[in-house]
Amino acid sequence: MNGNKEFQKKIKRAEKTAYIAMLFSFIASVLLLFAVFDPSFSIFGNKGTKHIYSTIAENEDKIENGIHIRTGLIDAEGLITVVNNCTNCHSAKLVVQNKMSAESWNATIKWMQETQNLWDLGSNQEIIVNYLVTNYPALAKGRRMVLKDIDWYTLKK
Amino acid sequence: MRRRSFIKKTVLSSLTAIISSDIIFGSKIPQGYIPLALQDPNPFKMFKKNKEMVILNDKPWNIEAQAHLLDDKITPNSSMFIRNNGVTPEEINPETWTLSIDGESVKNKKTYTLSDLKSKFKHHSYNLTLECGGNGRSEFDPPAKGNQWTAGAVHCATWTGVRLRDVLEDAGIKSNAVYIGYHSADTHLSGDSKKEPISRGCPLSKALQNETILAFQMNNEAIPLIHGYPLRLIAGGWPASVSGKWVHRISVRNKVHDGPKMTGTAYRIPCNPVAPGEKVKDEDMCIIESMPVKSIITYPKTGATINHGKALNIRGHAWAGELEVIKMEYSIDFGSTWTICPVEKPINRLAWQHFSTAINFPKKGYYEVWARATDTHSVAQPMLLPGWNPKGYLNNACHRIAVKII
C-alpha cells in the first residue's frame, strides 16, 4: 500500500516535470518562431517601421516570359548581379526607367557610392553596367519626339 | 532570403521534434508566405489615387498624373503626383509633433507644438502651384538620370497654414540670415539613420513671402500622410522639393543651406548654358529658384477623334513660377500660326491660371494642338526642349495633344 502511494507520488512528480518541460519547450519554440517570422514582434503593435511600403515576394527568382517576376527586370546575363546590388535600396523601376550610356551609369554608381551608401561593386560593376546598356539601351530622342502610343477614342459631347 | 527559408524549415522540423507531433500552424503556413507588414501594398488604395496615375517607382514612391487627370481647377488628392526621396515616416502623433526653429541666424531657438502654431499665428489659405523640378525629364536627350517624369508632376491645391515669416519673426531673425533649410521626418532608403534623404530650403527673401506657409491642411482637410502630414512647408512657384514634407525643424542659416539635395547636381542647372551631354563641374552648377513659364492641356485627353465641322473645346492651366502668365496661345499647325486664347487671372499669386477656347479645324486629318504660355517678362515656352542640363530639370516645352478630324 505504502509502496504503491510512493510510486503514485513519483509518477505525479514525473508528470509535473514533463509538463514543465513541455511548457518550456513550447515557449522556446514560440520565441523561435517569432525570431524567424517576426523578429520585430510586429504582431504586438511594435511595427517594423522601415519597410512597410516595400515589396517582397518569396520564390524570389521566378522567371516568366523572360522577365524576372519580382523585379520586372529582363532575364539576361548579369540579371542576378543586378538584382542583388541594385534593388536593395530602391526599386528596379528606377533602374529600368533610366536608359543611359556606360559612362553615365558608371558616374551614377560613383554618385551612389559617394552619397547613398552603395558598396564597392568590384568586378560586378562591369557585369551590371553591361547588363544595363545591353538590355536597356539609350534611345535617340532628338529635340522633340513624335507623339507615340496614342489611344484614339471618339470624343462625345 | 535563402538562408532565412532554410532556418524556417529547420525551425519547423525541430519544432516537430520537440512536440513530437505535427505542428498545427506549421502545416498551415502556406508556401511563399509573406509576413503581413511586407505584403505588396496597393498604392492606389493606400494613397487614394486615381487608377490612371502612373507609377514610376515604388521604392521610394514616385507616381505621376496624366495631363487629363489634372483638369480640376483645384487639384484633388486623387490626381496629385507623389515624389519621395526616402522612406515615408509612420505613426505620426499630432499631439506630440513639434516644429523647432534653430540655426546660426536665429535669435532664440524655439519649439512649437502644432496647437501652438495653430493658436498663436494667423491662418492663411492659398492655391499654390507645385511642380517637380524634373517634370518633363523623360524628353531630354542624352537622357538625364532620375525618375522619368512626363508631364504630370505638377498640381495646384489649396494649402492652409501659418506664414513661415510670422513664425520666424516670433523666434527672431539675425541680420546675417540669408537662407532657411528644412528638416523632415522621412528616413534614408539605405536605412542609415544618420542620413537625411532630403533637406532643402530657399533664400530668406522667398521664406518671408506672404504665400510661403507652414501648412497643416490641404484642400481643407488634414494633409494626407504621403503629402507631408502633419506639417508641410509650401513654397509655391519653386521646385516642389523646396516644399518639405513632414517638417519638424527649420534652420535659419547664415549661408546657403547645405543639406542633402542642395549640393552637387541636385536641383541645379549649369550656370552657363552647355551643349547636350556636356560634363559640368559641380561648382559650375547653380541652384534652381523660380520654375519657368509652362502650360498643360487638360481637356480633352490626347487621342480625341471628332467629326469635321464640329468645334473642339480645349482647356487647361498655365503658370509661371514667381511670375504670372499674361498671354496664352494655341497652334494646330506646328507653330506656323498661333491663335490667342483667353486666360484667367490667378486666384492669388503663385496659383495656376485657367485657359479655354473652341477650335475649328479647316479639313479632315491628323492634328496636334500645341499650347504656349507667355509670362510677365515676355518669356514664352519653347516648342523644342529647352537647354539641356545634366539632371534634366526645367523642361517647359509646349504641351501638345493629338486630335483626329474625321
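These numbers were taken from a predicted model, which means no experiment stands behind them. (Residues numbered from 1 in each chain as written. Chains lettered and ligands numbered in written order. Predicted model: local features only at pLDDT ≥ 70, side-chain atom pairs only at ≥ 80, totals over all residues.)

**Some points on the overall build of chain B**
For step 1, the next point in the chain: The helix and strand tally for chain B stands at six helices and 23 strands.
For step 2, the next point in the chain: Along the first, second and third principal axes, the C-alpha set of chain B runs to 85 × 60 × 45 Å.
For step 3, the next point in the chain: For chain B, the residues scored as buried account for 46% of the 406 residues in total.
For step 4, the next point in the chain: Of the contacts made within chain B by residues no fewer than 6 positions apart, 69% connect residues no fewer than 24 positions apart. (Helix = DSSP H or I, 4+ residues; strand = E, 2+ residues; numbered from the N terminus. Buried ≥ 20, exposed ≤ 12 C-beta atoms within 10 Å, placed from the backbone. Contact = placed C-beta atoms within 7 Å.)

**A short note on the sheet that holds strand β5 (residues 110–113) of chain B**
Residues and elements named next belong to chain B.
For step 1, the next point in the chain: Ordered in space as β5-β4-β13-β8-β9, the five strands form an open sheet in which the pairing is mixed. The open sheet has two edge strands with one neighbour each: β5 and β9 (201–203). Going from strand to strand, the sheet's axes swing by 15° on average, the running direction of each strand aside.
For step 2, the next point in the chain: Across the face of the sheet, helix α5 (residues 164–171) comes into contact with β4 (98–102), β5 and β13 (247–253) while running at roughly 60° to β4. (Pairing = 2+ DSSP bridges. Axes fitted to C-alpha atoms, helices over the stretch in contact; angles between N-to-C directions.)

**Things to note about the sheet that holds strand β3 (residues 73–74) of chain A**
For step 1, the next point in the chain: What the three strands build is an open sheet, ordered β1-β2-β3 (chain A); its pairing is antiparallel. Every interior strand has two partners, whereas the edge strands, β1 (63–64) and β3 of chain A, have only one.

**Notes on the nonpolar core**
For step 1, the next point in the chain: Judged by nonpolar contacts, the single largest core of 88 residues is most densely connected at L214(B) and V369(B).
For step 2, the next point in the chain: When residues of this core are assigned to domains, at least three fall in each of domain 2 (64–287) and domain 3 (294–405) of chain B.
For step 3, the next point in the chain: V369(B) has contacts with I297(B), I314(B), Y330(B), I332(B), I359(B), R400(B), I401(B) and V403(B), leaving out every residue within four places of it along the chain.
For step 4, the next point in the chain: The next biggest cluster of nonpolar side chains, apart from the first, holds 12 residues, and it includes L73(A), C86(A), A92(A) and I128(A). (Core = buried A, V, L, I, M, F, W, Y, C linked by C-beta atoms within 7 Å. Domains from an automatic or database assignment.)

**Considerations on unusual backbone geometry**
Trans peptide bonds make up most of the peptide bonds, and negative phi angles are found at most residues other than glycine.
All names here are of chain B.
For step 1, the next point in the chain: The step from K59 to P60 runs through a cis peptide bond, and the omega angle for that step is 5°.
For step 2, the next point in the chain: By the element assignment, P60 lies in the loop between β1 (54–58) and β2 (61–64).
For step 3, the next point in the chain: A cis geometry characterises the amide bond from Y229 onward to P230, with omega recorded as 10°.
For step 4, the next point in the chain: Not every positive phi belongs to a glycine, and K48 is a case in point at roughly 55°.

**Brief notes about the pairing of strand β10 (residues 213–218) of chain B**
All names here are of chain B.
For step 1, the next point in the chain: With five of six residues buried, β10 is to be regarded as a mostly interior element.
For step 2, the next point in the chain: Bridge count between strand β7 (residues 154–163) and β10: five bridges; the pairing is antiparallel. Among the inter-strand pairings, W159 is bridged to a residue of β10, identified as M218.
For step 3, the next point in the chain: Inspection of the sheet shows β10 paired to strand β12 (residues 232–234) by three bridges, in the antiparallel sense. Note that in β12 the partner of I213 across the bridge is I234.
For step 4, the next point in the chain: Two elements, β10 and strand β11 (residues 221–222), share two bridges in a ladder whose sense is antiparallel. By the bridge assignment, Q217 is partnered in β11 with A222.

**Side note on the environment of N220(B)**
Residue and element names in this part refer to chain B.
For step 1, the next point in the chain: Along the chain, N220 turns up in the loop between β10 and β11.
For step 2, the next point in the chain: The exposure class of N220 is exposed, given the 11 C-beta atoms found within 10 Å.
For step 3, the next point in the chain: N220 sits 133 residues away from Q353 along the chain, and the two C-alpha atoms are 20 Å apart.
For step 4, the next point in the chain: Not counting the four nearest positions on each side in its chain, N220 is found in contact with T158 and T160.

**Focus: the confidence of the model for chain A**
Parts of the model with low pLDDT should not have their predicted coordinates read in detail.
For step 1, the next point in the chain: Scored by pLDDT, chain A comes out at a mean of 83, with 82% of its residues at no less than 70.
For step 2, the next point in the chain: Of all helices and strands in chain A, the one with the weakest mean pLDDT is helix α1 (residues 2–37) of chain A (78), whereas strand β4 (residues 153–154) of chain A scores best (98). (pLDDT = per-residue confidence, 0-100.)

**What about α5(B)?**
Because an α-helix completes one turn every 3.6 residues, residues spaced three or four positions apart along the sequence face the same direction.
All names here are of chain B.
For step 1, the next point in the chain: All of the buried residues along α5 are L164, V167 and L168. Along the axis of α5, the buried residues cluster in a sector spanning 95°; they form a single face.
For step 2, the next point in the chain: Once α5 ends, the next one or two residues include G172, with phi positive near 95°. (Arc of directions from axis to C-beta.)

**A word on the packing of helix α2 (residues 79–86) of chain A against helix α5 (residues 124–135) of chain A**
Each pair of packed helices can be described by the angle between their axes along with the distance between the axes.
Residue and element names in this part refer to chain A.
For step 1, the next point in the chain: α5 packs onto α2 with a crossing angle of 110° between their chain directions and a minimal axis gap of 9 Å. Here α2 is positioned roughly perpendicular relative to α5, judged by the angle of their axes. Residues L79, T81, V82, N85 and C86 of α2 form the contact with α5, whose participating residues are N124, I127, I128 and Y131.
For step 2, the next point in the chain: Tallied by class, residues from the contact of α2 with α5 come to six nonpolar, three polar and no charged. (Parallel < 35°, antiparallel > 145°, perpendicular 65-115°, else oblique. Nonpolar A, V, L, I, M, F, W, Y, C, P; charged D, E, K, R; others polar.)

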